[in-house]
Every structure is written in C-alpha cells, then in structure tokens.
Amino acid sequence: MEAYMNNEKTSTKEEKKILSPKLDVIFQILFGEVGSERITKDLLNTVLDERVEDIDLNENIVLREEEPNEKRGVVDVLAKINGNEYCNIEMQLVDKKNIIKRLLFYWSKQYIKGIKKAENYKELKRTIVILIADFELERLEKLGFHSKWQIIESKWRKIVLTDDLEIHIIQLPKINERKVEGKEQKLKEWLEFLENPDSKEVLNYMNENKNMKEAKEKLNTMSEDERIRKLAELREKAILDEKEAEYTGYCKGEEAGLKKGRIEGREMGIKDATKNIARNMKEKGIDIKTIMEVTNLSKQDIEELN
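Reading the values: the criteria
Residues take numbers from 1 onward in each chain, read along the sequence in its written order. The model is predicted, so local features are restricted to residues of pLDDT at least 70 and side-chain atom pairs to those at 80 or more, both for listing and for counting; the totals for chains, interfaces and linings are taken over all residues. Hydrogens and waters are ignored; side-chain quantities use all the structure's heavy atoms. What makes a nonpolar core is a set of buried Ala, Val, Leu, Ile, Met, Phe, Trp, Tyr and Cys residues whose side-chain atoms join them at distances within 4.5 Å. Working definition: with a 1.4 Å probe on protein chains only, accessible area under 20% of the residue-type maximum means buried, over 50% means exposed, and in between means partly exposed. Each helix is a run of DSSP H or I of at least 4 residues and each strand a run of E of at least 2, with the numbering of both proceeding from the N terminus. Any two residues whose heavy atoms approach within 4.5 Å at even a single point are treated as in contact. When a carboxyl oxygen of Asp or Glu lies within 4 Å of a side-chain nitrogen of Lys or Arg, that pair is called a salt bridge. Put simply, the grid is 1 Å and covers the protein atoms alone, a cavity is a trapped set of points that fit a 1.4 Å probe, a pocket is an open set with protein on both sides within 12 Å along at least five of seven lines, and lining residues have an atom within 4 Å of a point. Grid points are joined across faces, edges and corners, and a volume is the space filled by probe spheres set on the points. Asp, Glu, Lys and Arg are counted as charged, while Ala, Val, Leu, Ile, Met, Phe, Trp, Tyr, Cys and Pro are counted as nonpolar; the rest, among them Gly, fall into the polar class. One less than the number of residues in a helix, times 1.5 Å, gives the span that helix is expected to have. Summarising the geometry, the arc corresponds to the directions from the helix axis toward the C-beta atoms. Along the chain, pLDDT gives the predictor's confidence residue by residue, from 0 to 100. Paired strands are those between which DSSP finds at least two bridges. Here an angle of 0 to 180 degrees is reported between the N-to-C directions of two axes, which are lines fitted to C-alpha atoms, with helices fitted over the stretch in contact. When describing relative orientation, an angle under 35 degrees is termed roughly parallel and one over 145 degrees roughly antiparallel, while 65 to 115 degrees is termed roughly perpendicular and anything else oblique. Left-handed is the label given to a crossing in which the near helix is rotated counterclockwise from the far helix by less than a right angle, and right-handed is the label when the rotation is clockwise.

S.K.: Explain the nonpolar core residue by residue, including any values.
M.R.: Counting residues in each nonpolar core, the largest one holds 50 residues, and the members touching the most others are Leu44, Ile130 and Phe193. The leading source of residues in this core is helix α1 (residues 24-32), at six residues. The residues touching Phe193, leaving out its near neighbours within four places in the chain, are Pro21, Leu30, Val202, Met206, Met212, Ala215, Lys216 and Leu219. Ranked by size, the runner-up nonpolar core spans 14 residues in total, among them Tyr111, Leu131, Leu137 and Ile167.

Printed below as a string of structure tokens:
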C-alpha cells in the first residue's frame, strides 16, 4: 500500500513528515480554503482552455475547524470562477470502477443549483468537473494524462452541442509517459507537486512559479498542525480500509468464480462423456429408446450427434 506522506527534514530535532497534497483532505484544505485563491487559480489556469480571472472559494467546507471524522464522504474543492460558473475539483485515490457515472452525477447536482424555482433555463451556467485520479481509468488507456470531455455531434461535423458541460480527467500515473510542452508542461509541474512536493524538480519549478512556492509553504505549515495531521491520519486509515475491503471482495469473487468454473467444467466433462457413450451406441446400431434410457439424453440430442 502506497504511503501518502513524504519525508522532509526540518529544523527541529525530530524529523518531520510533510503531508501529501495528494491525500484528498489535504488537497481540499490546500486548494479549497479561503486564502488559497492564487494557488487554485494557477492550477485551474493550467487545466482549462481559458484564463480564470476571478475565483471564489467561500462555498467549501472548512475541514480544519471540524472534528476529524474517519468516515468522511466526498471531499472536493468547489470554485466559483469568473463570477458565475462553477468548477468542482475532485482528488480520487481509490478506483471505485464507477467513476464516470459519479462525475456526471456531481456535474448534474452542481448544474441545477445554478437555477432557482420559476427562473428561465437560460440562467443555467457552464459547470466544470475536474477529476485528478491516482489510477488509470478503463477505456482511457490510449489517452494522455489529461483529457477534456464535452457533448459533441459524433456523426458528421463533430460540433460541440453546448459549453455547459465540461469534464476534465487527469490520470496521475500517466504524467511521465510522453514529453509535453507549453500549458501541458505547466500542468505536469503541478501534478508532480501533488506526487512529491519535495522533489528536486518541483523545488526548481518553484523558482519560476511563486504560486507553487506559496502552496509548498502552506503545506509545510499544515504539516505542523496536529489537528490536520490527525485528520490526515484518520483519512489514510479509512482509505486503507476501503482498499482492503475492495481487495477482499475481489479475492472472494475470484475464488467464487474459480469454484463455479470448476463445477461448470466438471459438469461439461460429464456431459461430453455421456454424449460420447451415446455416439458409440448409435454407431453400433443400438435403438434410440435404449440410448435414451442409458444416457438420460433427449431424443433430439441423440439425433443431432454425428
């Protein structure tokens, strides 16, 4: 099981560990708290196809003020951008195999929040969902680490039906599969920060990106906060339990499948042997009625034997 904490030497006598920004509760505090606007805006500018001029983080849960809860549910970042559009960012560590449907569900819930009763549908605004996954998604193996999804006409002109739906999928394990440049390189740098904020490469990026440096400084401060460390510890335990339950379920399913396969294989073998007996009896000229009594095969089964 991958550890979600990276080593960092501090000025204190005891060596501390920096909390991983990839852990969802830490990601939410780092990018979702009021005061993180510059950090989050810079991350979004590397993901989206246009520049975010204005950002509001006031609708996020303030996790550091709550009692740590091992069973916490969805932890994400909600940003209101450019005045009236919403962007939901989810950091997902566990592959639940239903992630695409979950993304559409999150999008739909947020989309309809943009309209009040008796208002015109034209009041609905573009809603964006960004998934940062710590695993590769099925059916997306041939794509790069960042893909953008919209509703398009698929038969003739490939025209986008509406800009209201926009989903970005980022697969962290794929970030080093190919060389990138421009905006993709900037995004890759942020993703490398999520993977290991203490790497030499990331420290070099901070020389050029003051927002990433600010994120690292905030992460260092968070790592000294015992309340946040406790929250991270409980969340890590919950993720470990979740992965263990998933693995146990997989093993049981595999065992049941093997058992079923053995039973079906044995039954198939018996059936094949019975048909061979019936075939030999038929070749020797024994009447069908007698063959049916001996083998329990139907008249049609026997007649179809070659």
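Here the narrative resumes, following the displayed structure.
S.K.: Hey, could you go over the pattern of salt bridges for me, with residue numbers and the actual values?
M.R.: Applying the stated criterion across every chain yields a total of 13 salt bridges. Between Arg235 and Asp24 there is a salt bridge, with the nearest N and O atoms lying 2.6 Å from each other. Taken together, the positions of Arg235 in helix α7 (residues 226-283) and Asp24 in helix α1 put the pair 211 residues apart, joining distant regions of the chain. Accessibility classification places Arg235 together with Asp24 in one group, the buried group. With a shortest N-O distance of 2.8 Å, Glu85 and Arg126 are connected by a salt bridge.

S.K.: Tell me about the layout of surface pockets, and name the residues and values.
M.R.: Reported here for the largest pocket is a volume of approximately 540 Å³. Counting residues per element, the ones that place at least two in the lining of the largest pocket are α3 (99-112), β7 (146-152) and β8 (160-171). Looking at the lining of the largest pocket, the element that brings in the most residues is α3, giving five residues. Across the lining of the largest pocket, the residue classes break down as eleven nonpolar, two polar and six charged.

S.K.: An account of α3 is needed here, citing residue identities and associated values.
M.R.: Between its first and last C-alpha, α3 extends 20 Å over 14 residues, near the 20 Å set by a 1.5 Å rise per residue. Inspection of α3 places Ile99, Arg102, Leu103, Tyr106, Trp107, Gln110 and Tyr111 among the buried residues, and these make up the whole buried set. Buried residues of α3, viewed axially, fall in a sector of 170 degrees; they line one side. Facing away from the buried surface of α3 by more than 90 degrees, the exposed residues are Lys101 and Ile112. Those residues of α3 that are buried lie in contact with β4 (76-81), β5 (85-92), β6 (127-133) and β8.

S.K.: So what's going on with the confidence of the model for the chain? Residues and values would help.
M.R.: Taken over all residues, the pLDDT of the chain has a mean of 83, while the share at 70 or more is 82%. Here residues 8-13 is a poorly scored stretch, pLDDT under 50, and it has ten contacts once near neighbours within four places are set aside; other chains count.

S.K.: Tell me what's going on with the side chain of Asn45, and back it up with residues and numbers.
M.R.: Along the chain, the position of Asn45 falls in helix α2 (residues 37-47). For Asn45, a relative accessible area of 12% gives the class buried. Once you skip the residues sitting within four places of it in the chain, Asn45 turns out to touch Glu50, Arg51, Val52 and Lys183.

S.K.: Please give an account of the pairing of β8 that cites residues and values.
M.R.: Two elements, β6 and β8, share seven bridges in a ladder whose sense is parallel. Note that in β8 the partner of Ile130 across the bridge is His168. Note that β7 and β8 share six bridges and pair antiparallel. Within β8, the position partnered with Trp149 by the bridge is Ile167.

S.K.: Explain α1 to me, and be specific about the residues and the numbers.
M.R.: Extensive coverage of α1 is indicated by the burial of nine of its nine residues. Those residues of α1 that fall on the buried side of the exposure criterion are Asp24, Val25, Ile26, Phe27, Gln28, Ile29, Leu30, Phe31 and Gly32.

S.K.: Can you break down the packing of α2 against helix α4 (residues 183-195) residue by residue, with the values?
M.R.: Two numbers describe a pair of packed helices, the interaxial angle and the distance between the axes. Contact geometry for α2 and α4: axes closest at 8 Å, N-to-C directions at 135 degrees. Comparing the axis directions of α2 and α4 gives the class oblique. The way α2 lies across α4 gives a crossing that is left-handed. Residues Ile39, Asp42, Leu43, Asn45, Thr46 and Val47 of α2 pack against Lys183, Lys186, Leu187 and Trp190 of α4.

S.K.: How would you summarise the environment of Phe27 if you had to cite specific residues and measurements?
M.R.: In this fold, Phe27 is placed in helix α1. Judged by its relative accessible area of 1%, Phe27 falls in the buried class. The sequence separation of Phe27 and Met91 amounts to 64 residues, and the corresponding C-alpha distance is 7.2 Å. In this structure Phe27 touches Pro21, Gly32, Leu43, Val77, Ile89, Met91, Ile132 and Leu194, once residues within four positions along its chain are discounted.

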